[in-house]
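# Inside the fold
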Amino acid sequence: MKNVRVRFAPSPTGALHIGGVRTALYNYLFARQMGGKFILRIEDTDSQRFVPGAEDYIIKSLEWCGITIDEGVSVGGPHAPYRQSERREIYLKYALQLVTDGWAYYAFDTPEELDAIRKEQETAGKTFSYNYTIRQNLSTSLKLSPEEVQTRIDRGDQWVIRFKMPENTIIKMNDLVRGEVNVNSSTLDDKVLYKSADALPTYHLANIVDDKLMEISHVIRGEEWLPSLPLHFMLYKAFGWSEVQPQFAHLPLLLKPEGNGKLSKRDGDKLGFPVFPLEWTPQDGTTSRGYKEDGYLPQAFLNMLALLGWNPGDDKEIMSIDEMISLFSIDKVSKAGARFSPQKALWFNEQYLRALPNEELAQLLDSQLKTIQITAPKEKVAAVVELVRARAVLIPDLLTLAKFYFVAPTQYDEKVVQKFWKNENPTHLKNITLMLTQIDDFTALVLDKALHDWIQERELPMGQVMNTLRLSIVGASGGASLPEILEIIGKEDALQRMNNIQTVLKTI
RNA sequence: GGCCCAUUCGUCUAACGGUUAGGACGCCAGAUUUUCAUUCUGGAAAUAGGAGUUCGAUUCUCCUAUGGGCUACCA
């Protein structure tokens, strides 16, 4: 096989969403596995929809994911520039060549004229298609005389170059995930290849020309491109590049978690999960959440995405990026769209978070603590993390779960108060406070025995008493075993908390 | 409407044409526990429907249904 060169070619019209990240990931995995190159090309041929900051966002997102770019806008390379707007002078030549060779033609219809025809046809119950049935009758270089065409161009009339899609020929295509696909060219229309208005090509032309020039070996992209594959095949043929054209793989789409249709930004807002890798604030100032900011680990995020539309062929689910690189295979990519599951995303993160060594977790907790102005000794943070790690799903959970180890509760969970702060429980707590005052060896083992003995000697209900104690220390139910908590916060703090609750809740 | 793609538990998915149709998420139950989790054990849950081909179809073919994508001088 020739050298593998794949590209991720987003258009900077907004934030990259997780479907795009997955496409980038599959390209990346494939490139790494084959020892090939992963190229980032920016397809900004639509000057109307260009969004400032989008390109930077895309690069930052890939960076966070750990998807490294071999060639592209941010790093350069032998085929620079990698931004299509900076390659604009390349494309006209190719468009013109197609006209010369009879594969394309000039069209002078204005968008307004076309709209009018479209509407007219629609009301007549027909669907308008700019194709072989009509191109001779519209203002095209097929109808107009060469002189007329020339004068129109010279005079500055706006024109486009359209591909002259042949009539009634079967276009046979091959897709790495879908196998053979055939389409009759009569069902296709004459797509615009180049527009004089902004002197830019459309996606189709730029894409084919750049893939050829950049020696792309495999085009791995979303299924939404499958309908334009026949055009792309024809374009390669028209240029005489069929022999060297890339192989294609069209990936199944990412679908909404519930309801119909493909995943969109709105779903995230509505169902409460991020659709973007990083937080994104467009011009209108409405910020959308990102996986990074929500507290996902990039490896977990990638692992989760990788399995949406691909699997290694066995039951393996947790895979490092290196494992994915060696296991990835285009023929194991599934054909049907995959519904995105926010719940499974959480599960992946949970797995990755818990697999982290204690020191790393402690570091994460430490930086979380700093955000609320708490600095604590390393040993204490490490000890707390040990107790808290089995309960955390997202990084910020660490702080939520661990906070009470560092600061005494100032308020008490109402439900828990109602359940335990009654009857003799406050009195028992008072007595336990006295008992604990006597203990100097304030360690979990000693405390555990002392507490159990004390409760059993008095034949008191274990749950009632322990949970009342817990309420005073934690401010709620939940958390690690009480003796361990007590040991970590220490005698002084513990006794203070036990006294504190008496004054705060006295009135009840 | 037209064209294209797809269809296995609720979801992600596995299964040389021969399996009690497997795993994971989620859900339910039980065990453990002073609480919440963790952990462990168990459970419910699927081949869209109909025709063929075949000794035998989740697997191959066709039809139907359903879902998805595209149908711009967007990508």
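Residues numbered from 1 in each chain as written. Chains lettered and ligands numbered in written order. Predicted model: local features only at pLDDT ≥ 70, side-chain atom pairs only at ≥ 80, totals over all residues.

Scanning chain A from terminus to terminus reveals 20 helices and 13 strands. At 32 Å, chain A has a C-alpha radius of gyration far larger than the 23 Å of a compact globule built from 508 residues. The dimensions of chain A, computed from C-alpha atoms along their principal axes, are 110 × 50 × 35 Å. Sorting the 508 residues of chain A into buried and exposed places 35% on the buried side. (Helix = DSSP H or I, 4+ residues; strand = E, 2+ residues; numbered from the N terminus. Rg over C-alpha atoms; globule rule 2.2 N^0.38 Å. Buried ≥ 20, exposed ≤ 12 C-beta atoms within 10 Å, placed from the backbone.)

The subject of this paragraph is helix α10 (residues 298–306). Where burial is concerned, most of α10 is hidden: eight out of the nine residues are buried. Every buried residue belonging to α10 is among Q299, A300, F301, L302, N303, M304, L305 and A306, and all of these are buried. Looking at the buried side of α10, the elements it contacts are α1 (18–33), α2 (54–65), α9 (291–294), α11 (321–327) and α12 (342–355). (Contact = placed C-beta atoms within 7 Å.)

What follows covers α1. For α1, built from 16 residues, the straight-helix expectation of 22 Å at 1.5 Å per residue is met to within 8% by its first-to-last C-alpha distance of 22 Å. The buried fraction of α1 amounts to 15 of the 16 residues, a majority that puts the element mostly inside the structure. Where α1 ends, the next residue or the one after it, G35, has phi of about 65°, a positive value. (Expected span 1.5 Å × (residues − 1).)

By secondary structure assignment, the location of P426 is in helix α17 (residues 425–437). Taking C-alpha positions, P426 is 18 Å from L486, a pair spaced 60 residues apart along the chain. If we ignore the near neighbours within four places in the chain, the residues touching P426 are W421 and Q502.

Turning our eyes to something else, we now look at the protein's contact with RNA strand B. Inspection of the region around RNA strand B gives 62 residues, with S11, E43, N260, A336 and S481 positioned closest. Of all the elements in the fold, those that place two or more residues in the surface near RNA strand B are α4 (111–123), β7 (179–184), β8 (192–195), β13 (338–339), α12, α19 (462–474) and α20 (482–504). At five residues, the largest contribution of residues to the surface near RNA strand B is made by α19. Broken down by class, the residue content of the surface near RNA strand B amounts to 22 nonpolar, 23 polar and 17 charged. (Near = placed C-beta within 6 Å. Nonpolar A, V, L, I, M, F, W, Y, C, P; charged D, E, K, R; others polar.)

Further remarks concern the domain arrangement of chain A. The domain architecture assigned to chain A consists of domain 1 (5–82 + 253–306), domain 2 (85–251) and domain 3 (414–504). One C-alpha centre belongs to domain 2, the other to domain 3; they are set 77 Å apart. (Domains from an automatic or database assignment.)

Now for the packing of α1 against α10. For the pair α1 and α10, interaxial distance at closest approach is 10 Å and the crossing angle is 85°. For the element pair α1 / α10, the angle class is roughly perpendicular. Taking contact as the criterion, the partners of I18, V21, R22 and L25 in α1 are, on α10, L302, L305 and A306. Residues belonging to the contact of α1 with α10 are distributed by class as follows: six nonpolar, no polar and one charged. (Axes fitted to C-alpha atoms, helices over the stretch in contact; angles between N-to-C directions. Parallel < 35°, antiparallel > 145°, perpendicular 65-115°, else oblique.)

A word on the sheet that holds strand β4 (residues 104–107). In space, the four strands of this open sheet follow the order β4-β5-β8-β9, with antiparallel pairing throughout. Among the strands making up the open sheet, the edge pair consists of β4 and β9 (200–201). Across two bridges, β8 lies against β9 in antiparallel orientation. By the bridge assignment for β9, Y194 is matched with P201. Across the face of the sheet, helix α3 (residues 88–100) comes into contact with β4, β5 (160–163), β8 and β9 while running at roughly 105° to β4. (Pairing = 2+ DSSP bridges.)

The alternating pattern of strand β2 (residues 37–40) places K37 and I39 on one face and F38 and L40 on the opposite face, and all of these are buried. Examined bridge by bridge, strand β1 (residues 5–8) and β2 share four bridges and lie parallel to one another. Within β2, the position partnered with V6 by the bridge is F38. Following the backbone out of β1, through α1 and into the adjacent parallel β2, one traces a crossover that is right-handed. Pairing analysis gives two bridges linking β2 to strand β3 (residues 71–72), with the strands arranged parallel. Within the sheet, the bridge partner assigned to I39 lies in β3 and is E71. The parallel pair β2 and β3, bridged by α2, forms a crossover whose chirality is right-handed. (Right-handed = clockwise from strand over helix to strand, strands pointing away.)

We now examine the nonpolar core. Core analysis: the biggest nonpolar cluster contains 122 residues, and L25, A95, L205, F301, L305, L365 and L398 have the highest contact counts within it. Ranked by residues supplied to this core, first place goes to α1 with nine residues. (Core = buried A, V, L, I, M, F, W, Y, C linked by C-beta atoms within 7 Å.)

Mapped onto the elements, D115 comes out in helix α4. Residue D115 is classed as exposed on the basis of its C-beta count, with 12 C-beta atoms lying within 10 Å.

Let us now look at unusual backbone geometry. In this structure, P81 follows A80 across a cis peptide bond, with omega equal to 0°. With respect to the helices and strands, the residue P81 is situated in the loop between β3 and α3. Located in the positive-phi region is A199, a residue other than glycine, with phi close to 55°. With respect to the secondary-structure elements, A199 resides in the loop between β8 and β9. Using a count of 12 C-beta atoms within 10 Å as the deciding quantity, one classes A199 as exposed. A positive phi angle is found at N423, which is not glycine, with a value near 55°. Tracing the sequence through the fold places N423 in the loop between α16 (414–420) and α17.

This part takes up the confidence of the model for chain A. Per-residue confidence for chain A averages 95 on the pLDDT scale, and 99% of its residues sit at or above 70. The ipTM assigned to the predicted complex is 0.96, against a pTM of 0.95. (pLDDT = per-residue confidence, 0-100.)

On to the packing of α17 against α20. It is the contact of α17 with α20, at a shortest axis distance of 10 Å, that shows an interaxial angle of 155°. As judged from the angle between their axes, α17 and α20 are roughly antiparallel. Where α17 crosses over α20, the two elements pack in a sense that is left-handed. Every residue of α20 that contacts α17 at P426, L429, K430, T433, L436 and T437 is listed here: A494, L495, M498, N499 and Q502. (Left-handed = near helix turned anticlockwise from the far one by under 90°.)

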